[in-house]
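Tertiary structure, described
Spelled out, the chains give:
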Amino acid sequence: MSQRDRARLDTPRDPRRSFVRRRSYDADSFGSFAEEFARFMGTAKFLAYMTLFVAVWIVWNVATPSSWQFDPFPYIFLTLMLSLQASYAAPLILLAQNRQENRDKVVAEQDRRANARAHADMEFLAREVASLRMAVGEVATRDFLRSELRGLLAELEDAREERDGGAQRDARADRDARDDHADRRAPGDG
């Protein structure tokens with residue numbers, strides 16, 4: 001006997017085939033029916049219908065002739081009908097609640113994943129903003145550039161004044177030298 005042929009103990013066996021074929025039903029369509037039924041039972045319309053049903057039942061069994069009455073005063077048959085309705089309603093309502101709980105779990109998981117992605121994105125953006133702030137700290141600011149330009153402008157003005165003042169001094173020195181040279185040549189020497 002090979003390994004394949006031998007049944008494994010950790011998996012259940014296939015159900016035995018029966019001679020009578022079981023009816024299958026669609027779980028989703030039955031669940032949808034249960035949800036619609038539970039929604040309807042939670043409406044004012046359902047309460048009005050049930051109140052009208054019970055009132056007609058009681059009025060019929062009180063006001064009609066005794067030969068037409070089918071449920072005399074203790075209304076045992078009415079109690080049986082309401083108990084039967086409750087016995088079917090309770091499991092259907094529970095089924096609807098379970099389906100809603102499963103949907104809520106899926107939505108909560110999707111929300112958790114979306115929040116985790118958003119949190120990761122925010123952390124990434126916070127790191128990027130911090131790195132930009134550090135990079136901007138190393139970049140020259142507008143005020144720094146203005147102060148440097150003012151300093152360079154002052155140096156240029158000083159250099160121009162020195163050059164212009166030096167040229168004026170040179171021109172004066174040249175004039176003074178000419179005057180001295182002209183004074184040395186006396187009018188009578190000539």
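Owing to the predicted nature of the structure, the values given are computational and were not obtained by experimental measurement. (Residues numbered from 1 in each chain as written. Predicted model: local features only at pLDDT ≥ 70, side-chain atom pairs only at ≥ 80, totals over all residues. Heavy atoms only, no water.)

Of the regular secondary structure elements, the protein chain holds 4 helices and 0 strands. Put simply, the protein chain runs from its N terminus to its C terminus through helices and strands in the order α-α-α-α. By the burial criterion, 9% of the 190 residues in the protein chain qualify as buried. Of the accessible surface of the protein chain, which amounts to about 17,400 Å², a share of 59% is contributed by carbon and sulfur atoms. (Helix = DSSP H or I, 4+ residues; strand = E, 2+ residues; numbered from the N terminus. Buried < 20%, exposed > 50% of the residue type's maximum accessible area, 1.4 Å probe, protein only. Areas by Shrake-Rupley, 256 points an atom, 1.4 Å probe, with all protein chains shown as cover.)

Looking now at the side chain of D71. Position of D71 relative to the elements: it lies in the loop between α2 (44-63) and α3 (76-138). Despite its burial, D71 pairs with no opposite charge, the nearest such side chain being K45 at 27 Å. A distance of 3.0 Å separates the side chain of D71 from the side chain of W57, its partner in a polar contact. In this view, D71 contacts W57, N61, I76, F77 and L78; residues no more than four positions away in its chain are not counted. (Lys, Arg positive; Asp, Glu negative; His and termini not counted. Salt bridge = Lys/Arg side-chain N within 4 Å of Asp/Glu carboxyl O. Polar contact = N/O pair within 3.5 Å; in protein donor to acceptor, adjacent residues only side chain to side chain. Contact = heavy atoms within 4.5 Å.)

A separate point is the packing of helix α1 (residues 27-41) against α3. Look at α1 against α3: their axes get within 8 Å of each other, and the N-to-C directions meet at 110 degrees. Viewed along their axes, α1 and α3 adopt a mutual orientation that is roughly perpendicular. Remark: the crossing between α1 and α3 carries left-handed chirality. Facing A27, D28, F30, G31, S32, F33, A34, E35, F37, A38 and M41 of α1, the residues of α3 in contact are Q85, A89, L92, I93, L95, A96, R99, Q100 and R103. Grouping the constituent residues of the contact of α1 with α3 by class yields 12 nonpolar, 4 polar and 4 charged. (Axes fitted to C-alpha atoms, helices over the stretch in contact; angles between N-to-C directions. Parallel < 35°, antiparallel > 145°, perpendicular 65-115°, else oblique. Left-handed = near helix turned anticlockwise from the far one by under 90°. Nonpolar A, V, L, I, M, F, W, Y, C, P; charged D, E, K, R; others polar.)

Before going further, it helps to spend a moment on a negative patch on the surface. Together, E155, E157, D158, E161 and E162 make up a negatively charged patch on the protein surface. Under the relative-accessibility criterion, E155 is labelled exposed at 54%. (Patch = residues over 30% accessible without salt bridge, like charges linked within 9 Å, V, L, I, M, F, W, Y side chains within 5 Å. Charge placed at Lys NZ, Arg CZ, Asp CG, Glu CD.)

Scored by pLDDT, the protein chain comes out at a mean of 85, with 86% of its residues at no less than 70. Mean pLDDT values over the elements of the protein chain span from 80, in helix α4 (residues 142-184), up to 96, in α2. (pLDDT = per-residue confidence, 0-100.)

Here the structure, examined in full by the defined rule, presents 9 aromatic pairs. Taken together, a centroid distance of 6.4 Å and an interplanar angle of 40 degrees make the contact between F40 and Y49 tilted. Residue classification places F40 among the partly exposed residues on the basis of a relative accessible area of 33%. Centroid distance F53 to W57: 5.6 Å. Interplanar angle 55 degrees. Geometry classified as tilted. Taken together, the residues span about one helical turn, with F53 and W57 both in helix α2 at a distance of 4 residues. An aromatic cluster of three or more residues is present, and its members are F53, W57, F70 and F77. (Phe/Tyr/Trp six-rings, centres within 6.5 Å; stacked < 30°, edge-to-face > 60°.)

A few words now on the pattern of salt bridges. Under the definition given, this model contains 8 salt bridges. A salt bridge links E109 to R113; the shortest N-O distance between them is 3.2 Å. Taken together, the residues E109 and R113, both in helix α3 and 4 residues apart, mark about one turn of the helix. By relative accessible area, E109 is classed as partly exposed at 30%. Taken together, the salt bridges that share partners define one network made up of D28, E35, R39, R99 and R103.

What follows deals with the packing of α2 against α3. Direction vectors running N to C along α2 and α3 enclose 160 degrees, while the axes themselves pass 11 Å from each other. With respect to each other, α2 and α3 are oriented roughly antiparallel. Viewed along their axes, α2 and α3 form a crossing whose handedness is right-handed. Contacts between α2 and α3 involve F46, M50, F53, V54, W57 and I58 on the former and, on the latter, F77, L78, M81, L82 and Q85. For the contact of α2 with α3, a count of residues per class yields 10 nonpolar, 1 polar and no charged.

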